Amino acid sequence: MKNILDIPRTAMEVFNLLPEGTLCEVIDNTLYMSPSPTTDHQRILFDLAYQLRSATKDTGLGEIFIAPCDVYLDAEQSVVQPDIIYIKKEHTDIIQRKGIYGTPDLVIEILSSNKNYDKEKKFDLYKRNGIAEYIIVDADNREVLHYLLVEGNYQLQQGLTAGRVTVIQLSLTLAF
């Protein structure tokens, strides 16, 4: 029989009880679960991650991680699993065995099912945690929303082409 003190009281406590590999995130003390990504989502993820990894591995510019990899934000009160995470070499101290503890330099989310979640909840989370570059790719039509953090607010970049995005921090154009 469980002791009443053993019952989880926060979403983060519930998250910490979940089995490894569970597609679950915590934002503002709310658990969000999602189905497995679509095959279109996975193709785009692989294409983007491969190009980013190729560009950063031999240059030592930083590290690339792909989902599922926990990123702890809001002083470890929120945890998300962005599709792609880039951390500059000068910030690699936030990389720990269990995940990323702090603000990545770039996050890429590939939309497949709950599009508003990435466009609203995660958008606000990433902005308030100071993620410098946030790229959203719609897997259905390959359209891109590319945001740069300027004075605490995200500015949408103009003139984007479907199936292409330039990662400003790496001066690297990715095609997918």
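In what follows, the structure referred to is the one given above.
Cut-offs used in this document
- Residues numbered from 1 in each chain as written.
- Predicted model: local features only at pLDDT ≥ 70, side-chain atom pairs only at ≥ 80, totals over all residues.
- Heavy atoms only, no water.
- Salt bridge = Lys/Arg side-chain N within 4 Å of Asp/Glu carboxyl O.
- Helix = DSSP H or I, 4+ residues; strand = E, 2+ residues; numbered from the N terminus.
- Buried < 20%, exposed > 50% of the residue type's maximum accessible area, 1.4 Å probe, protein only.
- Polar contact = N/O pair within 3.5 Å; in protein donor to acceptor, adjacent residues only side chain to side chain.
- Contact = heavy atoms within 4.5 Å.

Caption draft 1: Representation of the pattern of salt bridges. Summed over the entire model, instances satisfying the criterion amount to eight salt bridges. Note that Glu-25 is salt-bridged to Lys-122, the shortest N-O span being 2.9 Å. Of this pair, Glu-25 sits in strand β1 (residues 24-27) while Lys-122 is found in helix α3 (residues 115-128), placing the two residues 97 residues apart along the sequence. The pair Glu-25 / Lys-122 is uniform in exposure class, with both members buried. For the salt bridge of Lys-115 with Asp-140, the shortest nitrogen-to-oxygen distance reads 2.8 Å. Residue Lys-115 is found in helix α3, and its partner Asp-140 is found in the loop between β10 (133-138) and β11 (144-150); the two are separated by 25 residues along the sequence. Classification of Asp-140 by relative accessible area gives exposed; the value is 56%.

Caption draft 2: Expanded view of the side chain of Thr-22. Here Thr-22 is to be found in the loop between α1 (11-17) and β1. Here Pro-19 takes part through its backbone oxygen, which lies 2.7 Å from a polar atom of the side chain of Thr-22.

Caption draft 3: The environment of Lys-119, seen in detail. Within the element layout of this structure, Lys-119 appears in helix α3. The class for Lys-119 is partly exposed, based on a relative accessible area of 35%. Spatially, the C-alpha atom of Lys-119 lies 18 Å from that of Ser-36, the residues being 83 residues apart in sequence. Setting aside anything within four residues of it in sequence, one finds Lys-119 in contact with Leu-111, Ile-136 and Leu-145.

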